[in-house]
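Structure at a glance
Below, each chain spelled out in residue letters.
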Amino acid sequence: MSSRHRIQEQTRWTRARLGRAGPPLDLLTARFDQHVYAPHAHDEFTIGVTVGGSEVIAYRGGHIRSYPGSIVVLEPGEMHTGGPAACDGYAYQALYAEPALLTDGTLGGLPHFRNPVLHDPELAAALRAAHTDISACPDPLEAESRLPWLLTALARRHSTARATDDTVPGAGHIARAIRDRLADELLDPPSLAALATDLGLSRYQLLRAFRATMGVPPYAWLAQHRVARARGLLEAGLRPAEVAGLVGFADQAHLTRWFRRVLGVTPAAYRNSVQDTAG
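Before going into details, it helps to say that this report is about the structure given with it. The shown structure was predicted, so the numbers you read here are calculated from the model rather than taken from an experiment.

Here the focus is the packing of helix H6 (residues 218-235) against helix H7 (residues 240-247). H7 packs onto H6 with a crossing angle of 140° between their chain directions and a minimal axis gap of 9 Å. What the angle tells us is that H6 and H7 run oblique. Judged by the sense of rotation from one axis to the other, the crossing of H6 with H7 is right-handed. Contact residues: H6 offers Arg-226, Arg-229, Ala-230, Leu-233 and Leu-234, while H7 offers Pro-240, Val-243, Leu-246 and Val-247.

Rendered as structure tokens:
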């Protein structure tokens, strides 16, 4: 009997929306011991980050192998398989991106990736973090703020596509206009694609202008604004579960995650503290 510890095969599929009423983007978290995919192709780009073990993939008439930390890019329409490269299995996080998501911020048509296995630790870590956060809470504004930005970076760094001019005239004015719209509509923020169309920009230009001016992407700015609003409601005696919905967070866990990121304490601990001092 083998003493090897068999990993548990498991998958989790999450569908996120890229902005309010925006198009879907699917994310897969998978861990396989023995599973081998049958030959198949996707209409989208399949972009995965290997997080454990190694996968061997039949692709373009040969075989490619992933390793922990590698990014794997499979292009639309390309037949492929996938299975464990060794007895200890493999684990990965993947997303399925419409081709248009990789052409925003680039020139030269549909990006082509000559090398489907990429070594880019910084981008791999960013993709993993975004995938994990959005799978846990598929907030539309967060998904639209993070994923298209990273997919543009992927195409610009590693494909045949050329980068567009990054100059955005009036970036400060644009960013402040977006900030004000997000603050005014914090319970149901508009999509970045709609805001970009209103301003005559691409979504990438909008994201670039906002990040350059505010120092954070739109979802992070709005989350901090929501935390500031939540503080006032907690100080007024409302409970965290009530406050979450009143400021636009998905639930109390979503509020707590951001409250701790911004202030270092939970909403409940903050409420108890300010209530104690109020008397």
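Taken as a whole, the largest pocket encloses approximately 250 Å³ of empty space. Forming the walls of the largest pocket are 21 residues, and the residues nearest its centre are Tyr-37, Thr-46, Glu-55, Tyr-92 and Tyr-96. Of all elements in the fold, only strand S1 (10-17), strand S2 (24-32), strand S3 (37-40), strand S4 (45-53), strand S5 (55-59), strand S7 (71-74), strand S8 (80-84) and strand S9 (90-97) reach the threshold of two or more residues within the lining of the largest pocket. At four residues, S4 tops the list of elements feeding residues into the lining of the largest pocket. By residue class, the composition of the lining of the largest pocket is 11 nonpolar, nine polar and one charged.

Under the definition given, this model contains 15 salt bridges. When the shortest N-O distance is used, the salt bridge between Arg-15 and Asp-26 registers 2.7 Å. Of this pair, Arg-15 sits in strand S1 while Asp-26 sits in strand S2, and the two are 11 residues apart along the sequence. Taking the relative accessible area as the measure of exposure, Asp-26 reaches 13% and is therefore buried. Ionic pairing is found between Arg-203 and Glu-144, a salt bridge with its closest N-O pair at 2.9 Å. One end of the pair, Arg-203, is in helix H5 (residues 203-214); the other, Glu-144, is in helix H2 (residues 140-158), with 59 residues separating them in the sequence. Comparing Arg-203 with Glu-144, the two get one shared label, buried. Through salt bridges that share partners, Arg-20, Arg-181, Glu-185 and Asp-188 make up one connected network.

Here is what the cut-offs are and how they apply
- Residues numbered from 1 in each chain as written.
- Predicted model: local features only at pLDDT ≥ 70, side-chain atom pairs only at ≥ 80, totals over all residues.
- Heavy atoms only, no water.
- Axes fitted to C-alpha atoms, helices over the stretch in contact; angles between N-to-C directions.
- Helix = DSSP H or I, 4+ residues; strand = E, 2+ residues; numbered from the N terminus.
- Parallel < 35°, antiparallel > 145°, perpendicular 65-115°, else oblique.
- Left-handed = near helix turned anticlockwise from the far one by under 90°.
- Contact = heavy atoms within 4.5 Å.
- 1 Å grid on protein atoms, 1.4 Å probe; cavity = no way out; pocket = protein on both sides within 12 Å on 5 of 7 lines; lining within 4 Å.
- Points joined across faces, edges and corners; volume = space filled by probe spheres on them.
- Nonpolar A, V, L, I, M, F, W, Y, C, P; charged D, E, K, R; others polar.
- Salt bridge = Lys/Arg side-chain N within 4 Å of Asp/Glu carboxyl O.
- Buried < 20%, exposed > 50% of the residue type's maximum accessible area, 1.4 Å probe, protein only.

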